[in-house]
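Residues per chain, in single letters:
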Amino acid sequence: MARKNAGDLTFSEQYNGPDPLLDAARTHSHEFGIAPVSQTTARTLTLLARLLTPVAAVEVGTGVGTSTLSLLRGMPTAGILTSIDTNSTTQSAARDLVDMAGIRPGRLRLMSGRAEEVLNRLAPSAYDMVFIDVEPGNLERMIQPSLRLLDAQGLLVIHKTLLKGAVADPVDRSPRTQAARSMLNRIAEQEHLERVLLPIGEGLLLLQKTR
């Protein structure tokens, strides 16, 4: 990554923070060996949720709740977020974080299990927003099940799509980077999807069905 771009990212993180509650959650996240969403990514998720006003949303990858809280902060007060993860311990930490933020417990529904299986159990066309935060190697098989959940104006937001400059670096041929590139290439071939790729945090890809 160019030094100028790295400086822009650092400045943005400082400008978009601090957030004591999310900052503490990030520290807790690292204790579990989990990479939390950046401050800028968190603020972006809150703003997207505020603009979209989802009554029902889904999150794949709860972690300790940094993105969970960010989404709930932007959703309407009656909005319910269903968050999926295989790690019930970190999900408990996410529940504590949401409680500390003063958000009504009933607004967060935690589901433990393999994401693909849980997504297929949820009602089709019943959600306004889906956020996916998993490793690139697991991303592609979750896209169609996630799109299935969205209503006509629903938005799919995918994290870890640029991997902090790795995807744009032609020298980087690691399996993780190759998986992210392959996913982006296949998405670009799908004419029924409106897409925008944003260089925020580790990369955010926004998708909306056009039919």
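Look up a bit, the structure's there.
Trainee: Please provide a residue-by-residue account of the sheet that holds strand β1 (residues 56–60), values included.
Mentor: Strand order in the open sheet formed by seven strands is β3-β2-β1-β4-β5-β7-β6, and the pairing between neighbours is mixed. Among the strands making up the open sheet, the edge pair consists of β3 (108–112) and β6 (193–198). Neighbour-to-neighbour, the strand axes of the sheet open up by a mean angle of 15 degrees, direction not taken into account. Seen against the sheet, helix α3 (residues 39–52) touches β4 (127–132), β5 (150–159) and β7 (204–209) and runs at an angle of roughly 175 degrees to β5. Lying on the sheet, helix α7 (residues 136–149) is in contact with β1, β4, β5, β6 and β7; it crosses β5 at an angle near 155 degrees.

Trainee: Pulling in residues and values, what's your account of the packing of aromatic side chains?
Mentor: Enumeration over the complete set of coordinates arrives at one aromatic pair. Ring geometry for Phe11 versus Tyr15: centroids 6.2 Å apart, planes at 20 degrees, classification stacked. Note that Phe11 and Tyr15 are positioned in helix α1 (residues 3–15) at a spacing of four residues, about one turn of the helix.

Trainee: Which residues make up the layout of surface pockets, and what values do they have?
Mentor: Roughly 490 Å³ of volume is contained in the largest pocket. Mapped by element, the contributors of at least two residues to the lining of the largest pocket are α4 (66–74), β2 (80–85), α6 (115–121) and α7. Broken down by class, the residue content of the lining of the largest pocket amounts to 10 nonpolar, 13 polar and nine charged. Here the second largest pocket is characterised by a volume of approximately 380 Å³. Every residue lining the second largest pocket is counted, 19 residues in all, and those nearest its centre are Glu13, Ser38, Gln39, Lys164 and Gly201. For the lining of the second largest pocket, the per-class residue count stands at seven nonpolar, seven polar and five charged.

Trainee: So what's going on with the nonpolar core? Which residues, and what values?
Mentor: Formed by 32 residues in total, the largest nonpolar core has its most connected members in Val58, Val60, Ile84, Ile132 and Leu156. Listing elements by their share of this core, those giving two or more residues are β1, α6, β4, α7, β5, α8 (175–188) and β7. With five residues, α7 is the single largest residue contributor to this core. Within the second largest apolar cluster, 26 residues are counted, among which are Leu48, Val64, Val157 and Leu206.

Trainee: How would you sum up the pattern of salt bridges? Please name residues and give values.
Mentor: Tallied over the entire structure, the rule returns 10 salt bridges. A salt bridge links Arg73 to Asp19, with the nearest nitrogen and oxygen atoms 2.5 Å apart. Placement of the pair is Arg73 in helix α4 and Asp19 in the loop between α1 and α2 (20–31), with a sequence separation of 54 residues. On the accessibility criterion, Arg73 (33% relative accessible area) is partly exposed. Owing to a relative accessible area of 9%, Asp19 belongs among the buried residues under this scheme.

Trainee: Give me the lowdown on the environment of Thr177, citing residues and values where you can.
Mentor: If you trace the backbone, Thr177 turns up in helix α8. C-alpha separation for the pair Thr177 and Gly137, spaced 40 residues apart in sequence, amounts to 8.9 Å. If sequence neighbours within four positions are ignored, Thr177 has contacts with Leu163, Ala166, Val167 and Asp172.

Cut-offs used in this document
Residues numbered from 1 in each chain as written. Predicted model: local features only at pLDDT ≥ 70, side-chain atom pairs only at ≥ 80, totals over all residues. Heavy atoms only, no water. Pairing = 2+ DSSP bridges. Helix = DSSP H or I, 4+ residues; strand = E, 2+ residues; numbered from the N terminus. Axes fitted to C-alpha atoms, helices over the stretch in contact; angles between N-to-C directions. Contact = heavy atoms within 4.5 Å. Phe/Tyr/Trp six-rings, centres within 6.5 Å; stacked < 30°, edge-to-face > 60°. 1 Å grid on protein atoms, 1.4 Å probe; cavity = no way out; pocket = protein on both sides within 12 Å on 5 of 7 lines; lining within 4 Å. Points joined across faces, edges and corners; volume = space filled by probe spheres on them. Nonpolar A, V, L, I, M, F, W, Y, C, P; charged D, E, K, R; others polar. Core = buried A, V, L, I, M, F, W, Y, C linked by side-chain atoms within 4.5 Å. Buried < 20%, exposed > 50% of the residue type's maximum accessible area, 1.4 Å probe, protein only. Salt bridge = Lys/Arg side-chain N within 4 Å of Asp/Glu carboxyl O.

Note that every value here comes from positions in space, so none of it alone points to a role or purpose.
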